[in-house]
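If you want the building blocks of each chain, they are given just below.
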Amino acid sequence: MKITKAVIPAAGLGTRVLPATKAMPKEMLPIVDKPAIQYIVEEAVSAGITDILIITNRGKGVIEDHFDRSQELEETLEKANKTLQLDSIKDIHKLANIQFIRQIETKGLGHAVSKARTFVGDDPFLVLYGDDVILGDIPASKELIDAYGTFGKGVIGIKPVSEEAIKKYSSMKIEKIKDNIYKCTDMVEKPQTKEEMFSLYSILGRVVLPPEIFDILDHTAPGAGGEIQLTDAMKELAQNVGMTAVEFSGTRYDMGNKLGILQANIDVGLTHPETADGLKEYIKELAAKL
Ligand code: UTP
């Protein structure tokens, strides 16, 4: 079955990036000249997604504005012959059919995804975490969607991380099928001890889920941090029917974390035509003094 729907949870409080995120959603933080969430929407679209539901919260209206048409700005840029700038904004509202829904209370990622039930209906769907930007030649979303097509089970996008990091993320029980594809039979959110950890592979930002996840979410109790965790619901799926894990090939940037934001800006800045030369020079000068 072709996967055409995606859900982007973007209702978190972004407390790790305060004060920047006091009034500005972290999903709107720029990587050079484009907000993080636009990279995420573009990735979904390049993987064949046509319909996107973005889950927002109070104070995140600016995300809706970004994916709306800005006629006045377009006219001003057109009159001033600012073609490059005009080209960079005029098609954003056409990227996909984008809808919005609010998560009234910030009760966790699982709770946010449960708000997508009506939008999703009976179809499998892609979830892109709103603060995880993944850049690479092959869209991570496409690698996951292809694995869904091959194996017919829910898919998680994984990467190996450090023992320190895994305590903040999730740990997967996996067994290699071939190359970068694994079978996943269990998982745990935010394991704190070595005994609790299955492996150093964690879910990073992309999953494909069957619609059955909504019934599971309905009875998923609050877990780590008192939040309804998507990992706890996927754990049930992994234990009962199994999931497929794909070690995606792109580089993932955590835009909910100060260092991740800097790394994304440096890497993209080093390839962006307007900044590459200047930034390279600057980094060389700086490195000589470090
Ligand atoms: P995070 O746990 O990284 O987001 O969730 P957070 O709660 O904003 O993080 P802190 O406050 O810095 O610790 C991953 C994704 O899930 C969304 C977030 O917006 C982020 O894109 N999310 C999280 C929701 O949509 N709703 C929630 O209740 C929690």
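Residues numbered from 1 in each chain as written. Predicted model: local features only at pLDDT ≥ 70, side-chain atom pairs only at ≥ 80, totals over all residues. Heavy atoms only, no water.

### Some remarks on the pairing of strand β11 (residues 201-209)
Filter applied, for reference: Burial classes: relative accessible area under 20% of the type maximum marks a residue as buried, over 50% as exposed, and values in between as partly exposed (1.4 Å probe, protein chains only). The secondary structure listing takes helices from DSSP runs of H or I that are at least 4 residues long and strands from runs of E that are at least 2 residues long, numbered from the N terminus. Only strands joined by at least two bridges in the DSSP assignment are considered to pair.
Burial within β11 is extensive, with 9 of its 9 residues counted as buried. Note: strand β6 (residues 125-128) against β11, 4 bridges, orientation antiparallel. Looking at β11, one finds that Leu126 is bridged to Val208. Judged from the 5 bridges that link them, strand β8 (residues 155-160) and β11 form a sheet pairing that is antiparallel. Within β11, the residue paired with Lys159 across the bridge is Ser202.

### A closer look at the packing of aromatic side chains
What counts, and what does not: Stacked, tilted and edge-to-face are the three classes assigned to paired rings of Phe, Tyr and Trp, where Trp is represented by its six-membered ring and a pair needs centres within 6.5 Å; plane angles under 30 degrees give stacked, over 60 edge-to-face, the rest tilted. Throughout this description, the term charge over a ring refers to an Arg CZ or Lys NZ atom that lies within 6 Å of the ring centre and within 35 degrees of the ring normal.
Enumeration according to the criterion identifies 2 aromatic pairs in this entry. The ring centre of Phe119 lies 5.8 Å from the NZ or CZ of Lys5, which sits over that ring. Residue placement shows Lys34 over the ring face of Tyr39; its charged tip is 4.5 Å from the ring centre.

### Side note on the pattern of salt bridges
Heads up, the rule is: Salt bridge, as used here, is a side-chain nitrogen of Lys or Arg placed within 4 Å of a carboxyl oxygen of Asp or Glu.
According to the stated counting rule, one finds 21 salt bridges in the structure shown. Residue Asp146 pairs with Lys142 through a salt bridge whose shortest N-O separation is 2.8 Å. Taken as a pair, Asp146 and Lys142 lie in helix α7 (residues 140-151) at a separation of 4 residues, close to a single helical turn. Owing to a relative accessible area of 39%, Asp146 belongs among the partly exposed residues under this scheme. Residues Lys194 and Glu163 are paired through a salt bridge, measuring 3.8 Å at the closest nitrogen-oxygen approach. Note that Lys194 is positioned in the loop between β10 (181-189) and β11 and Glu163 in helix α8 (residues 163-166), a separation of 31 residues in sequence. On the accessibility criterion, Lys194 (58% relative accessible area) is exposed. Owing to a relative accessible area of 32%, Glu163 belongs among the partly exposed residues under this scheme. When salt bridges that share partners are traced, they join Arg16, Lys26, Asp131, Asp132, Arg252 and Asp254 into one network.

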